[in-house]
Amino acid sequence: MTPGIDGSLPLEPTTPAESFSALLRSRGVEPRWDGGTGGIEIDPPEATTVIALRYADGIVVAGDRRATSGNIIAHRRVEKVFPADSFSAVAISGVAGIAVELTRLFQTELEHYEKIEGRRLSLEGKANHLASMVRRQLPMAMQGLVVIPLFAGYDVEADEGRLYSFDVVGGRYEETDYTATGSGGRDARLYLRTVFRDDLSEAEALDIAVAALVAAAEEDTATGGPDLKRGIYPNVVMIDHDGYREVEDDRVGTAARVAMEATA
Amino acid sequence: MTTPFYVPPEQLMKDRAEYARKGIGRGKSIVAVEYEHGILLLGENPSGTLHKISEIYDRIAFAGVGKYNEFEQLRIGGIRRADLTGYAYSRSDVTAKGVANAYAQTLGLIFTQEVKPYEVELMLAEVGNDVEDTRIFKVTYDGTMYAERRFSAIGGQEEALIASLEESYEDSAPLEAALSWAKSACASIIEGDVVAGDWEAAVVDRTNGRRAFRRLEATEVDSA
């Protein structure tokens, strides 16, 4: 019997034994984040605008539903906001296929740690781990296959919502109020800057999040606005001291109609 | 070159089994009882931090008795196996049967090939969408695997526990009833009273959503 996953003594493993990525690596089945060199130009679908902002009791995270491939709409109903665990969310922008896989690995990683150690990672621990996953993906980013996540969650130790943005080399930045990434991120940020207050209620935060995505869709073709005809609305999730929960389409639809009337 | 003494295999296996049973008998037992929404696992465990019952995957719970470091190692192995399978394929492809089989293979191999057998007995409880899909597996120190229904027990005194549960058990009972049966079964084999708060209990409950596992609070167990 080899107690450590890499065959070393459990006391001094070469990698943290509770890491799922390390387990995949030890079995030689980790996802390859390196794209090789040269070769043909590929144009995989990209997920675009996602935002997160803080309100009085927690964090709201939202994303539009469009994935584009060059000037083509690749998918209309893509989800870009996912639960990382029961108290945090990860939202993705960049190459959709890699980002979704990155998210799945991150989710498994957090649950794996929680089950083995009997406790959740701290919110900062989760953010740091996600940063290292983005950094490992750097060789792919050098080929133009970039993935930039957002991470937000409720810090049960500090009793407050916190949000983090990342850059392409795995830099991790804690944001105090709001953040946005993806092709429409700049427009969404501009909108958020004009309306953000320190004491937003949950309902106000939800309306603002949807309005920020509508504002981004007005200026950026790669960001999909709410599609009233097909009933496609942004993904919006709230995270507070009770944990992660998705907002129903009806409620998001109402916010979307109000926001679209305001821009018309 | 020295010739090793010949020991007949019957004797060897008998000695090993006796050694393992002795180790297991020293520890405290754990019972599993099905109830209307899932399966309850309960045992006496004065330590609030060293768990014998824990989560393996979405709908699968683990319980181990015997030597802590040995069943803890097997618990971690089970979680690794389940997470690898779920990540490589789909979450629904992880089954208690698969994990229990892996435990049986591992324990069987250790029993025959290692210097000393593991002094452990394990239980895996899996809650399905309905009663027919609900499973309880038991794996013993020599790798023997049992598929059980309605209730089960591991540890040194399982016969007495099963006898007690046989008298009280009814199908589709509420959790409170299952708790009181499980507690009285455990109490029947212990001399003296179990101190309130010394129980460790958890459920896999199909009404809990994706992750069905939940530890029960001490007040919840004591009040039943």
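Note that the coordinates shown come from a computational prediction; the quantities given were computed from them, not determined experimentally.

## Considerations on the pairing of strand β10 (residues 172-175) of chain A
All names here are of chain A.
Inference 1: When strand β9 (residues 160-166) meets β10, the two strands line up antiparallel, connected through four bridges. From the neighbouring strand, F166 faces β10, where its bridge partner is R172.
Inference 2: The loop that links β9 with its antiparallel partner β10 comprises five residues; one of these, G170, has a positive phi angle of about 90°.

## Re the sheet that holds strand β8 (residues 151-154) of chain B
Residue and element names in this part refer to chain B.
Inference 1: A sheet is described by the order of its strands in space; here five strands give the open sequence β8-β1-β2-β9-β10, paired in antiparallel fashion. Sheet topology places β8 and β10 (213-215) at the edges, where each strand pairs with a single neighbour. Across the sheet, the mean angle separating the axes of adjacent strands is 20° when strand polarity is ignored.
Inference 2: Pairing geometry for strand β9 (residues 199-205) and β10, over three bridges, is antiparallel. Pairing of V204 across the sheet is with F213, part of β10.
Inference 3: Along the sheet, helix α5 (residues 175-188) contacts β1 (30-35), β2 (38-44) and β9; its crossing angle with β2, the most-contacted strand, is approximately 30°.

## Some points on helix α2 (residues 68-88) of chain B
Inference 1: Its 21 residues place the ends of α2 of chain B 30 Å apart at the C-alpha level, agreeing with the 30 Å of an ideal helix rising 1.5 Å per residue.
Inference 2: Looking at the buried residues of α2 of chain B, the elements they touch are α1 (20-26) and α2 (96-117) of chain A together with β3 (53-57), β4 (60-66), α3 (96-113) and β5 (120-126) of chain B.

## Let's talk about the interface of chain B and chain A
Inference 1: In this complex, chain B contributes ten residues to the contact, which on the side of chain A involves nine residues.
Inference 2: Considering each element in turn, the side of chain B that touches chain A owes the most residues, seven residues, to α2 of chain B.

## Observations concerning the packing of α2 of chain B against α3 of chain B
Residues and elements named next belong to chain B.
Inference 1: One can describe the packing of α2 onto α3 by two numbers: an axis separation of 10 Å at closest approach and a directional angle of 135°. Taken together, the axis directions place α2 and α3 in an arrangement best described as oblique. Note that α2 runs across α3; the crossing there is right-handed. Between α2, through L74, G78, R81, A82 and T85, and α3, the contact on the second element is made entirely by G98, V99, A102 and Y103.
Inference 2: Within the contact of α2 with α3, the residues separate by chemical class into five nonpolar, three polar and one charged.

Quick notes on the rules
- The residue numbers shown here count from 1 along each chain, following its written sequence.
- For this description, chains carry letters from A and ligands carry numbers from 1, given in the order in which they are written.
- With pLDDT at 70 or above as the cut-off, local features in this predicted model cover only qualifying residues; side-chain atom pairs require 80 or more to be listed or tallied, and sums for whole chains, interfaces and linings still use all residues.
- DSSP-based pairing: two strands are paired if at least 2 bridges between them are found.
- Helix and strand assignments come from DSSP, with helices taken as H or I runs of at least 4 residues and strands as E runs of at least 2, each series counted from the N terminus.
- Only the stretch in contact is used when fitting a helix axis, every axis being a line fitted to C-alpha atoms; angles between N-to-C directions are given from 0 to 180 degrees.
- Each residue gets a C-beta atom placed from its backbone, and two residues are in contact if those atoms lie within 7 Å.
- Under the convention used throughout, the expected extent of a helix is 1.5 Å for every residue step, that is, one less than its residue count.
- Orientation labels follow simple angle bins: below 35 degrees gives roughly parallel, above 145 gives roughly antiparallel, 65 to 115 gives roughly perpendicular, and whatever is left gives oblique.
- Rotating anticlockwise by less than a right angle from the far helix to the near helix defines a left-handed crossing, while the corresponding clockwise rotation defines a right-handed one.
- Basically, the charged four are Asp, Glu, Lys and Arg, the nonpolar ten are Ala, Val, Leu, Ile, Met, Phe, Trp, Tyr, Cys and Pro, and anything else, Gly included, counts as polar.

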